[in-house]
Amino acid sequence: ARLAQRIVHWLSTQTGAGRAYEVDLRLRPSGASGLLVSSITGFSEYQDNNAWTWEHQALVRARPVAGDAEVGRAFEMIRRQVLARPRDAEQLRTDVIEMRDKMRAQLLKKREGFVDLKQAPGGLTDVEFLTQYLVLKHCHAHPALIEYSDNWRQTDALVEAGVVSEADAEILIDAYRRFRTWMHARALQNQDMLSPDGVFAEQRTAVRALWQRLLLEQAP
């Protein structure tokens, strides 16, 4: 646990050249009240029995990036097993919508004449949530959906699986690419993620339409 604390400190300390990574320890099993380090067995049991839907959304994007190769392989096996199991489609839809609404209520930044490109309707997080929802809904029938952990290739896999059309995928990928490019440039300049209102209006409108059709209108 002390080693983990030191690593987090090294990664997140603000230096003259910026910081390497912002580490969010709330994403560990059981959140802020959970152990900083858990065993592979404990992690597996938590994912099977206690994890929330949003934590499985995080697994969609998760991947080992450093450390022991054997631990990385064990993690990847757990990830695949958890993601590949069938889900109640209506409960999944409800959970994703509720979490998205909660995030927007807590995190959306507002300024006259600007749009929070990450949290606003049709913004980056909507693209990510929509992709994660579709992956979780269909990956039990299409294991290739969890082969990659990045949003772009998962969207391509959704097309290959026949889950979304090429036209819908193009909208999602184009918006994601434009949003990410702009946001990376802002982050490098230590600036916020508020874009002038209207700059990405076309992309945000298209994403909102997909959110409505592929998620909200799926209610029975």
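The preceding data block contains the structure.
Attention here is on the structure that accompanies the text. Please read all numbers here as calculations on a predicted model, not as lab measurements. Each chain has its residues counted from 1, running along the sequence as written. Local features in a predicted model are, by the rule used here, given only for residues with pLDDT of at least 70; side-chain atom pairs are given and counted only at 80 or more, and totals for whole chains, interfaces and linings are based on all residues. Excluding hydrogens and water, the side-chain values take into account all heavy atoms of the structure.

**Section: the overall build of the protein chain**
Strands are runs of DSSP state E lasting at least two residues, helices are runs of H or I lasting at least four, and both sets are numbered from the N terminus onward. When helices and strands are tallied, the protein chain shows nine helices and two strands. Going from N to C terminus, the protein chain has its helices and strands arranged as α-α-α-α-α-β-α-α-α-β-α. Using C-alpha atoms as the atom set, the radius of gyration is obtained and then compared with a globule rule of 2.2 Å times the number of residues to the power 0.38. Against the compact-globule benchmark of 17 Å for 220 residues, the protein chain has a radius of gyration of 18 Å, which places it among compact chains. Taken along the three principal axes of its C-alpha coordinates, the protein chain extends 50 × 45 × 30 Å. Here the term buried applies to any residue with accessible area under 20% of the maximum for its type, exposed to any over 50%, and partly exposed to those in between, with areas from a 1.4 Å probe on protein chains only. Counting every position in the protein chain, which comprises 220 residues, the buried fraction comes to 38%. For the protein chain, contacts bridging at least 24 residues in sequence account for 63% of all contacts bridging at least 6. Contacts are assigned to residue pairs with any non-hydrogen atoms lying within 4.5 Å of each other.

**Notes on the pattern of salt bridges**
Take a side-chain nitrogen of Lys or Arg and a carboxyl oxygen of Asp or Glu: if they are within 4 Å of each other, that pair is a salt bridge. Taken as a whole, this structure holds 16 salt bridges when the rule is applied. In this structure, Arg180 engages Glu128 in a salt bridge whose closest nitrogen and oxygen atoms are separated by 3.2 Å. Taken together, the positions of Arg180 in helix H8 (residues 166-188) and Glu128 in helix H6 (residues 124-138) put the pair 52 residues apart, joining distant regions of the chain. One salt-bridge network, in which partners are shared between bridges, spans Glu76, Arg79, Arg80 and Glu147.

**A look at the packing of aromatic side chains**
Here a pair means two rings of Phe, Tyr or Trp (six-membered ring of Trp) with centres within 6.5 Å. Their orientation is stacked below 30 degrees between planes, edge-to-face above 60, and tilted elsewhere. Under the definition given, this model contains three aromatic pairs. Ring centres of Phe43 and Phe75 lie 5.7 Å apart, and the angle between their planes is 35°; on these two criteria the pair is classed as tilted. With Phe43 in helix H2 (residues 40-49) and Phe75 in helix H4 (residues 69-83), this pair connects stretches of sequence that are 32 residues apart. Like Phe75, Phe43 is buried. Geometrically, the ring pair formed by Phe179 and Phe200 is edge-to-face, given 5.6 Å between the ring centres and 85° between the ring planes. Of this pair, Phe179 sits in helix H8 while Phe200 sits in the loop between strand E2 (194-196) and helix H9 (201-214), and the two are 21 residues apart along the sequence. Classification of Phe179 as buried rests on a relative accessible area of 0%. Assessed through its relative accessible area of 10%, Phe200 is described here as buried.

**Remarks on a negative patch on the surface**
Patch building starts from residues that exceed 30% relative accessible area and form no salt bridge, then joins like charges within 9 Å and nonpolar side chains (Val, Leu, Ile, Met, Phe, Trp, Tyr) within 5 Å. Calculation of accessible area relied on Shrake-Rupley with a 1.4 Å probe; when residues are assessed, cover is drawn exclusively from the protein chains displayed. The positive count covers Lys and Arg only, the negative count covers Asp and Glu only, and His and the chain ends enter neither. In this description, the location of a charge corresponds to atom NZ of lysine, CZ of arginine, CG of aspartate or CD of glutamate. A cluster of acidic residues, Asp156, Glu160, Glu166 and Glu170, forms a negative patch at the surface. Of all the elements in the fold, those that place two or more residues in the negative patch are helix H7 (151-160) and H8. The class of Glu170 is exposed, set by a relative accessible area of 57%.

**Comments concerning unusual backbone geometry**
Despite not being glycine, Asn190 has its phi angle at roughly 55°, a positive value. Mapped onto the elements of the fold, Asn190 is located in the loop between H8 and E2. By relative accessible area, which is 67% here, Asn190 ends up exposed.

**Here's the deal with a nonpolar patch on the surface**
Taken together, the side chains of Leu3, Ile7, Trp10, Leu11, Tyr21, Val23 and Leu25 present a nonpolar region at the surface, about 670 Å² in accessible area. Mapped onto the elements of the fold, Ile7 is located in helix H1 (residues 2-12).

**Regarding the environment of Arg28**
By the element assignment, Arg28 lies in the loop between H1 and H2. Given the relative accessible area of 17%, Arg28 is considered buried. Residues Arg28 and Thr41, spaced 13 residues apart in sequence, show a C-alpha to C-alpha distance of 14 Å. When residues no more than four places from it in sequence are discounted, the contact partners of Arg28 are Ser33, Gly34, Leu35, Leu36 and Glu55.

**A look at the nonpolar core**
To define a nonpolar core, start from buried Ala, Val, Leu, Ile, Met, Phe, Trp, Tyr and Cys residues and group those joined through side-chain atoms within 4.5 Å. Membership of the largest hydrophobic core comes to 41 residues, with the highest contact counts inside it found for Leu130 and Phe179. Only helix H3 (53-61), H4, helix H5 (89-107), H6, H7, H8 and H9 provide two or more residues apiece to this core. With eight residues, the top contributor of residues to this core is H6.

Scope: geometric values only; no functional claims are made or implied.
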